[in-house]
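Here is how the chains run, residue by residue.
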Amino acid sequence: MFTLWNLIEASLLCLNAVCILHEERFLAKIGWGANANVQGFGEPPTVKTQLLNLIRSIRTVVKYPLIFINILAILFKLILG
């Protein structure tokens, strides 16, 4: 059965996965490191560049609130099962 809690939990797990990606260990091995998005002035950003910027933005903005959201989700699971 698909519920709202399942959707929230899946999005929480995806945010956790994005936040723990390490650029030098994982992303650089597949060519998505910090030096991979070098482009000239005035060129439109590629999809790869936009995804890298999205990953960095998520990591910057969501890192600390995600700790508290994870604690709430764990407590919710412990109390209500």
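Keep in mind that this is a model prediction, so the values were computed, not measured. (Residues numbered from 1 in each chain as written. Predicted model: local features only at pLDDT ≥ 70, side-chain atom pairs only at ≥ 80, totals over all residues. Heavy atoms only, no water.)

1. Quick word on the overall build of the protein chain
Thinking step 1. If you tally the helices and strands in the protein chain, you get three helices and zero strands.
Thinking step 2. Mapped from its N terminus to its C terminus, the protein chain presents α and β elements in the order α-α-α.
Thinking step 3. Considering the protein chain as a whole, with its 81 residues, one finds that 15% of them fall into the buried category.
Thinking step 4. Within the protein chain, residue pairs in contact and separated by at least 24 positions form 56% of the contacts whose partners lie at least 6 positions apart. (Helix = DSSP H or I, 4+ residues; strand = E, 2+ residues; numbered from the N terminus. Buried < 20%, exposed > 50% of the residue type's maximum accessible area, 1.4 Å probe, protein only. Contact = heavy atoms within 4.5 Å.)

2. Side note on the confidence of the model for the protein chain
Thinking step 1. Summing up the model confidence of the protein chain, the mean pLDDT is 83 and the portion of residues at 70 or higher is 89%.
Thinking step 2. Ranking the elements of the protein chain by mean pLDDT puts helix H2 (residues 23-27) last with 74 and helix H1 (residues 4-19) first with 91. (pLDDT = per-residue confidence, 0-100.)

3. Description of the UniProt feature "transmembrane region" (unreviewed entry) in the protein chain
Thinking step 1. Here, UniProt's "transmembrane region" (unreviewed entry) annotation points to residues 61-80.
Thinking step 2. What you have in residues 61-80 is 100% helix and 0% strand, and the ends, taken at the C-alpha atoms, are 29 Å apart. (UniProt positions renumbered as here; feature names shortened; annotations may be inferred.)

4. Considering the environment of Thr 60
Thinking step 1. Within the fold, Thr 60 resides in helix H3 (residues 47-80).
Thinking step 2. Measuring from C-alpha to C-alpha, the distance between Thr 60 and Cys 19 comes to 8.5 Å, with 41 residues separating the pair along the chain.
Thinking step 3. One polar contact links the side chain of Thr 60 to the main-chain carbonyl oxygen of Arg 56, over a distance of 2.8 Å. (Polar contact = N/O pair within 3.5 Å; in protein donor to acceptor, adjacent residues only side chain to side chain.)

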